[in-house]
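Residue-level listing of the chains:
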Amino acid sequence: MNVKTIGIIGGGQLGRMLAMAAARLNFRTIILEPQADCPAAHVANAQIAAAYDDAAALAELAKRCDVVTYEFENVPVTAAEDLALQVTVYPPPKALEMAQDRLTEKSFINGCGIPTARFHAVDSQADLEKALADFGDQGVLKTRRLGYDGKGQRVYRSTADSAEGGYAALGSVPLILESFVSFEREISIIAARGSDGKVACYDPAENVHRNGILHTSTLPASISEETAAAAREAAEKILTALGYVGVIGIEFFVLADGSLIANEMAPRVHNSGHWTEAACVISQFEQHIRAVAGLPLGNPDRHSDCVMTNLIGDDILALPEWLRLDDTLVHLYGKTEARPGRKMGHVTQLLR
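All figures in this text were calculated on a predicted structure; none of them were measured in a lab.

What follows is about the sheet that holds strand S8 (residues 153–156). Reading across from one edge, S6-S9-S7-S8 is the order of the four strands in this open sheet, with antiparallel pairing throughout. With one partner strand each, in any of the chains shown, strand S6 (119–122) and S8 form the two edges of the open sheet. Put simply, the sheet's adjacent strands are angled 20° from each other on average, direction ignored. For strand S7 (residues 139–143) and S8, the ladder comprises four bridges, and the chain directions are antiparallel. What sits directly across from Val140, in S8, is Val155. Running over the sheet, helix H6 (residues 125–134) touches S6, S7, S8 and strand S9 (175–178) and is turned about 170° from S6.

Dropping the structure here:
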């Protein structure tokens, strides 16, 4: 593929880091993002300030770019499908379709032969009560669409957590009830697939969340090689089934026996892969750019153990302390206002 300009839908920190990686490989980038002063606009070559489903803006993006990708999974599927009629879009719109609806996503993952938590579709209060009864009055109720970082969820731990009004409390929209999983740790794997079908997987990271938001990713994860191999195998199955091109992040629960339960997938570069820019020669961001531009995938091997820590909200106030540490890469996202739950940057400490 003779690519000179890459379009990126979404102008947040992931789009920013993709644009930075693209520049290192001598590609131009154009951002489609309605917010004028978005993080990605600081480093991209140009921005089209319009809604993600604006037909005229999408047509302009297609005209000016050789390939288009995206930095988040809530791009309207119809917009991505229409865009794909005009220009190559990677990852394919089918990946968006699978990831945007938790019921569709889990059914797809199960269809790849990969286990998930048990689940029930919930389309009414009666559905919720029936599903809770099947799960022993326990489970996590989630919106099927648009929830992220702990948003759009309600937890039921026993009969003391009344189901009454639960369906309405989450907006009377399509929901899914997922059973609890008794797990020892959470991991994720960052994997990439090129247009030639070759797959490259980074080492699985062990993740810790706070208030539903990723706090740290640690390498190596405290798992066996068999568990790591199972994560790589699952990733390859998913990538192949989707005809995927680009980087994907897949989260898993690790059970006591080392087996895996898939939690969710993100068809994009992923927060739990930020460590790759400090501990690998080829970061997940460069890997994604390589994949969508038709270049050979890079070596995903890790040269150092590390811990990546997200800077959320007022965590940014500790920046001077982070900057004093040796072997620590600090990456800030160009956001001027620190709000609760807002990702302001991340730091990766190399462990010698």
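Picking up where we left off.
Now for the pattern of salt bridges. Any two side chains of opposite charge can pair, on the condition that their charged atoms come close. Scanning the entire structure with this criterion turns up 17 salt bridges. Taking the shortest distance from any N to any O, the salt bridge between Arg64 and Glu60 comes out at 2.8 Å. Of the two residues, Arg64 and Glu60 both sit in helix H2 (residues 55–64), four residues apart, roughly one turn of that helix. Looking at Arg64, the relative accessible area reads 37%, which means it is partly exposed.

Our focus in this paragraph is the packing of aromatic side chains. Taken as a whole, this structure holds three aromatic pairs when the rule is applied. Where Tyr202 meets Trp275, the ring centres are 6.2 Å apart and the plane angle is 85°; that geometry is what we call edge-to-face. With Tyr202 in the loop between strand S11 (199–201) and strand S12 (205–210) and Trp275 in the loop between strand S15 (260–266) and helix H9 (276–279), the pair connects residues that are 73 residues apart, well separated along the chain. Residue class for Tyr202 comes out buried when judged on its relative accessible area of 0%.

Here we take up the nonpolar core. One broad trend across soluble globular proteins is that nonpolar side chains are buried collectively. Ile9, Leu61, Leu83, Ile238, Phe252 and Met265 are the most contacted members of the largest nonpolar core, which has 49 residues in total. Considering every element that reaches this core, the biggest residue donor is helix H8 (residues 225–242), with six residues. Taken domain by domain, the makeup of this core includes at least three residues from each of domain 1 (5–90) and domain 3 (183–350). The contact partners of Met265, leaving out residues within four places of it in the chain, are Met98, Ala99, Glu105, Phe108, Ile238, Leu242, Ile248, Gly249 and Ile250. Formed by 39 residues, the second largest nonpolar core is a distinct cluster that contains Leu18, Ala19, Ile190 and Val245.

It is worth spelling out the packing of helix H1 (residues 13–24) against helix H10 (residues 284–292) at this point. At a minimum axis distance of 8 Å, the contact between H1 and H10 shows a crossing angle of 65°. By the angle class used here, H1 and H10 are roughly perpendicular. Here H1 and H10 pass one another in a crossing that is right-handed. Contact residues: Leu14, Met17, Leu18, Ala21, Ala22 and Arg24 in H1; Phe285, Glu286, His288 and Ile289 in H10.

Our next topic: the domain arrangement of the protein. Where interface size is quoted, it is often the accessible area lost as the parts come together. Structurally, the protein comprises domain 1 (5–90), domain 2 (118–178) and domain 3 (183–350). Centre-to-centre, using C-alpha coordinates, domain 2 lies 29 Å away from domain 3.

Moving on: the pairing of S9. Burial along S9 is two-sided: the residues Leu175 and Leu177 and Ile176 and Glu178 are all buried. In this structure, S6 lies alongside S9, joined through four bridges in antiparallel fashion. Each residue of the ladder has a partner; that of His120, found in S9, is Leu177.

Parameters and conventions
Residues numbered from 1 in each chain as written. Predicted model: local features only at pLDDT ≥ 70, side-chain atom pairs only at ≥ 80, totals over all residues. Heavy atoms only, no water. Pairing = 2+ DSSP bridges. Helix = DSSP H or I, 4+ residues; strand = E, 2+ residues; numbered from the N terminus. Axes fitted to C-alpha atoms, helices over the stretch in contact; angles between N-to-C directions. Contact = heavy atoms within 4.5 Å. Salt bridge = Lys/Arg side-chain N within 4 Å of Asp/Glu carboxyl O. Buried < 20%, exposed > 50% of the residue type's maximum accessible area, 1.4 Å probe, protein only. Phe/Tyr/Trp six-rings, centres within 6.5 Å; stacked < 30°, edge-to-face > 60°. Core = buried A, V, L, I, M, F, W, Y, C linked by side-chain atoms within 4.5 Å. Domains from an automatic or database assignment. Parallel < 35°, antiparallel > 145°, perpendicular 65-115°, else oblique. Left-handed = near helix turned anticlockwise from the far one by under 90°.

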